[in-house]
Amino acid sequence: MNGLRHRIRGRLASLAGVVALLTAVLAGVTAGTANAAPARAAVSAQAAAGIGWICNGAPVTPGYVLTSHTNSGCNGAGMWWQTPVRDGIWTCATSPIPAGYVLSGHNPTGCDGYDSWYMRLPVDGLWTCGTSPIPPGYVITQHAGSGMGCANIDAWFMQRARDGLWVCAGSPIPPGYVTTGHNINGCGGIGSWFEVVARPGLLVCPNVPIPPGYRLGNYSGSGCNGLGGWYLLRS
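Conventions and cut-offs
Residues numbered from 1 in each chain as written. Predicted model: local features only at pLDDT ≥ 70, side-chain atom pairs only at ≥ 80, totals over all residues. Heavy atoms only, no water. Pairing = 2+ DSSP bridges. Helix = DSSP H or I, 4+ residues; strand = E, 2+ residues; numbered from the N terminus. Axes fitted to C-alpha atoms, helices over the stretch in contact; angles between N-to-C directions. Phe/Tyr/Trp six-rings, centres within 6.5 Å; stacked < 30°, edge-to-face > 60°. Buried < 20%, exposed > 50% of the residue type's maximum accessible area, 1.4 Å probe, protein only. Polar contact = N/O pair within 3.5 Å; in protein donor to acceptor, adjacent residues only side chain to side chain. Contact = heavy atoms within 4.5 Å. Disulfide = S-S within 2.5 Å. Core = buried A, V, L, I, M, F, W, Y, C linked by side-chain atoms within 4.5 Å.

Draft legend 1. Geometry of the sheet that holds strand E3 (residues 79-84). The strand order across the open sheet built from three strands is E1-E3-E2, with neighbouring strands paired in antiparallel fashion. Two strands bound the open sheet, and with one partner strand each, they are strand E1 (52-55) and strand E2 (64-70). The average angle at which neighbouring strand axes cross in this sheet is 40°, direction not considered.

Draft legend 2. Region of the structure containing the sheet that holds strand E4 (residues 89-92). An order of E4-E6-E5 is seen for the three strands of this open sheet, with the pairing classed as antiparallel. The open sheet has two free edges, formed respectively by E4 and strand E5 (102-107), since each of these has just one partner strand. Neighbour to neighbour, the strand axes of the sheet diverge by 35° on average, direction disregarded. Strand direction decides the pairing type here: E5 and strand E6 (residues 116-120), joined by five bridges, are antiparallel. By the bridge assignment, asparagine 107 is partnered in E6 with serine 116.

Draft legend 3. Looking closely at the packing of aromatic side chains. Taken as a whole, this structure holds six aromatic pairs when the rule is applied. Centroid distance tryptophan 127 to phenylalanine 157: 5.3 Å. Interplanar angle 55°. Geometry classified as tilted. Here tryptophan 127, found in strand E7 (residues 126-129), pairs with phenylalanine 157, found in strand E9 (residues 155-160); they are 30 residues apart in sequence, far enough to count as distant. With relative accessibility at 35%, the residue tryptophan 127 sits in the partly exposed group.

Draft legend 4. Geometry of the side chain of glutamine 159. With respect to the secondary-structure elements, glutamine 159 resides in strand E9. At a separation of 2.7 Å, a polar atom in the side chain of glutamine 159 contacts the side chain of threonine 141. Among residues more than four places away in sequence, those in contact with glutamine 159 are Asp124, Gly125, Gly137, Tyr138, Val139, Thr141 and Leu165.

Draft legend 5. Fine view of the state of the cysteines. Evaluated as defined, the whole model comprises five disulfides. The disulfide partner of cysteine 168 is cysteine 187, and the gap between their sulfur atoms is 1.7 Å. Linking cysteine 168 and cysteine 187, the disulfide has an S-S dihedral of approximately 65° and is accordingly described as right-handed. Here cysteine 168, found in strand E10 (residues 165-168), pairs with cysteine 187, found in helix H3 (residues 186-189); they are 19 residues apart in sequence, far enough to count as distant. Considered together, cysteine 168 and cysteine 187 belong to a single accessibility category, that of buried residues. Covalently, cysteine 205 is tied to cysteine 224 through a disulfide, its sulfur atoms 1.9 Å apart. Disulfide cysteine 205 to cysteine 224: torsion about the S-S bond roughly 85°, handedness right-handed.

Draft legend 6. Broad picture of the pairing of E9. The element E9 is extensively covered by neighbouring structure, given that five of its six residues are classed as buried. In this sheet, E9 lies alongside E7 in antiparallel orientation, the contact comprising four bridges. Bridging from a neighbouring strand, leucine 126 pairs with methionine 158 of E9.

Draft legend 7. Quick look at the nonpolar core. In terms of nonpolar packing, the biggest core is built from 11 residues, these being Val65, Val85, Ile89, Tyr101, Leu103, Trp117, Met119, Cys129, Ala144, Cys150 and Ala155. Excluding anything up to four places from it in sequence, alanine 155 contacts Trp127, Thr128, Cys129, Gly130, Gln142, His143, Ala144, Gly149 and Cys150. Val178, Ala198, Leu202 and Leu232 belong to the second-largest nonpolar core, a separate cluster that totals eight residues.

Rendered as structure tokens:
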């Protein structure tokens, strides 16, 4: 009888040991999973954001730019490094330009020979490259020809629109503004226009956008420095 009891107790002790071992193993697995979760989350977040190499021809994630290139990878097609845009970053010539950004510098040998451009947010009084977009609310007021600005690319001086600026031919005319004068020799020979805030009684140049709430009145051949013009009236 005593022998039977000893054998039962031995088996129970062994079973308890197995249970304890399984508990410890499961606890370790749980702890390891918990510790690995932040690392996996970080990798997943980076992958979801699109940071990293993409194959040549693949779409660029919106709000991202291309900053580096390699001919290796993607079965010989080449790859581009994409990263979120920020104020003050060198980008490859093939990179998209996110809305609101301008190009203010150029390196003809940058980005593995593809050319590179310095991308930044606009400020009042900035020289921009000829290939740069002009954001809403800005105009161009000066011009520097090839070889003089932006490393062998034409450059343009960008300013915030305001009443009474001479702007280069081809400059945007922001909403609410009109042109009232013309200088054929202005802006380095390109021609310039005198841009002002619209108000009744102005003699405006031909082909100028008419702001909402206004209409054109009588014509005068002496308007716009001899180009002719129309009086601006409230509609």
